[in-house]
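Next come the chains, spelled out residue by residue.
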Amino acid sequence: MSFAEVRVPTVFKKSQYLRLDVGEHTLRILDENATATDTHYVISRGGRATIKCLGEDCPICAINNQLKLEHPSTFRNAQGYSPISRRHSFNVLDRTEAKICPKCQSVTKPRGGKFPSTCPECGSFISDVETAPVNKVFLVTISDAVAKDINRISKLYLDKDREPIPLTSYDVTISVEQGTKGREMTVIAQPQRNDEVTVEEELFDPTTAITALSKEEIVEFMRGISIRDIYMARNKKDDVGATSKKEENKVAEVSKEAEDMINKLFGE
Ligand SMILES: [Zn+2]
Ligand SMILES: [Zn+2]
């Protein structure tokens, strides 16, 4: 170990991602538009990850096309087939009335309007804990289906001139339930919760919400190298001065914790 190996991880502000766990999440959308990204959900020996599609240059699309040729009617079930799925990322202010565990500080959100009597993380009793709004900014990423639901809602509420009221001026609740095929999400508009919110914090960059790898790195991931190791390799390159500032930002953002969380977020 030498001093030269010590790295300062955060020059840029690390993005905080909202985990859409089972429960009710009451959010104020802060971005007027969501950032859409075509992604692939890839399961390899290197782990599971949602990765940005590289378009024409995308090795995952190349495999998909190959599988379509080889198995014209059954490619969807073929091992390694990973269709493009569009994801939408944006900043929200989490306004959920939640309980914060006095022992482990983890946040418990209501399920069906009710709270469990004990903290799901550490088992401490939380029945006497008062609820309080989370009141923090997060980046959230949702599926195309949920985005369509939000879009549909955004046209329902009209002002005096019969113009849609901007989505950023009232709260929406995303209710997450565990279905048989994964998490199911229902969007509920809360047009009565239309107080003005002021956000002092800086917003996160929604274009960084999805893991972006180079063509070579995607191939490495599919061969079984973990995203973490891929980022560490980038980090090393950076020591030689070969990586740009933008990549440095990404390196700073990724930790094992973030990787696990991204898996959770997109494994719905
Ligand atoms: Zn692709
Ligand atoms: Zn706890």
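What counts and what doesn't
Residues numbered from 1 in each chain as written. Chains lettered and ligands numbered in written order. Predicted model: local features only at pLDDT ≥ 70, side-chain atom pairs only at ≥ 80, totals over all residues. Helix = DSSP H or I, 4+ residues; strand = E, 2+ residues; numbered from the N terminus. Buried ≥ 20, exposed ≤ 12 C-beta atoms within 10 Å, placed from the backbone. Contact = placed C-beta atoms within 7 Å. pLDDT = per-residue confidence, 0-100. Core = buried A, V, L, I, M, F, W, Y, C linked by C-beta atoms within 7 Å.

Enquirer: Got a minute to help me understand the overall build of the protein chain in this structure?
Expert: A tally of helices and strands in the protein chain yields six helices and 10 strands. In the protein chain, buried positions account for 25% of the 268 residues. For the protein chain, the proportion of contacts with a sequence separation of at least 24, taken over those separated by at least 6, is 68%.

Enquirer: Where do I start with the environment of Ser127 in this structure?
Expert: Along the chain, the position of Ser127 falls in the loop between strand S6 (107–108) and strand S7 (132–133). For the pair formed by Ser127 and Lys99, sequence separation is 28 residues and the distance between their alpha carbons is 9.1 Å.

Enquirer: What is the right way to read unusual backbone geometry from this model?
Expert: Most peptide bonds are trans, and most residues other than glycine sit at a negative phi. Even without being glycine, Gln105 reaches a positive phi, approximately 65°. Note on placement: Gln105 falls in the loop between strand S5 (97–100) and S6. Take Gln105: there are 10 C-beta atoms within 10 Å of it, and that puts it in the exposed class. Within the chain, Arg162 stands out as a residue other than glycine whose phi angle is a positive 60°. With respect to the helices, strands and loops of the structure, Arg162 is situated in the loop between helix H2 (144–154) and strand S9 (171–179).

Enquirer: I keep staring at the confidence of the model for the protein chain and nothing clicks. Help me out?
Expert: A low pLDDT score tells you not to read the predicted coordinates there in detail. Overall, the predicted model of the protein chain reaches an average pLDDT of 86, with 84% of residues at or above 70. The weakest mean pLDDT in the protein chain belongs to helix H6 (residues 256–266) at 48; the strongest belongs to strand S1 (residues 23–29) at 97. pLDDT under 50 marks residues 4–12. Its contacts with residues more than four places away, or in other chains, come to five contacts.

Enquirer: Got a minute to help me understand the nonpolar core in this structure?
Expert: The tendency in soluble globular proteins is for nonpolar side chains to be buried as a group. Core analysis: the biggest nonpolar cluster contains 20 residues, and Leu27, Ile29, Val92 and Val140 have the highest contact counts within it. Secondary structure elements with two or more residues in this core: S1, strand S4 (84–94), strand S8 (136–143) and S9. At four residues, the largest contribution of residues to this core is made by S8. When neighbours within four sequence positions are excluded, Val92 is seen to be in contact with Leu18, Leu27, Arg28, Ile29, Leu30, Phe138 and Val140.

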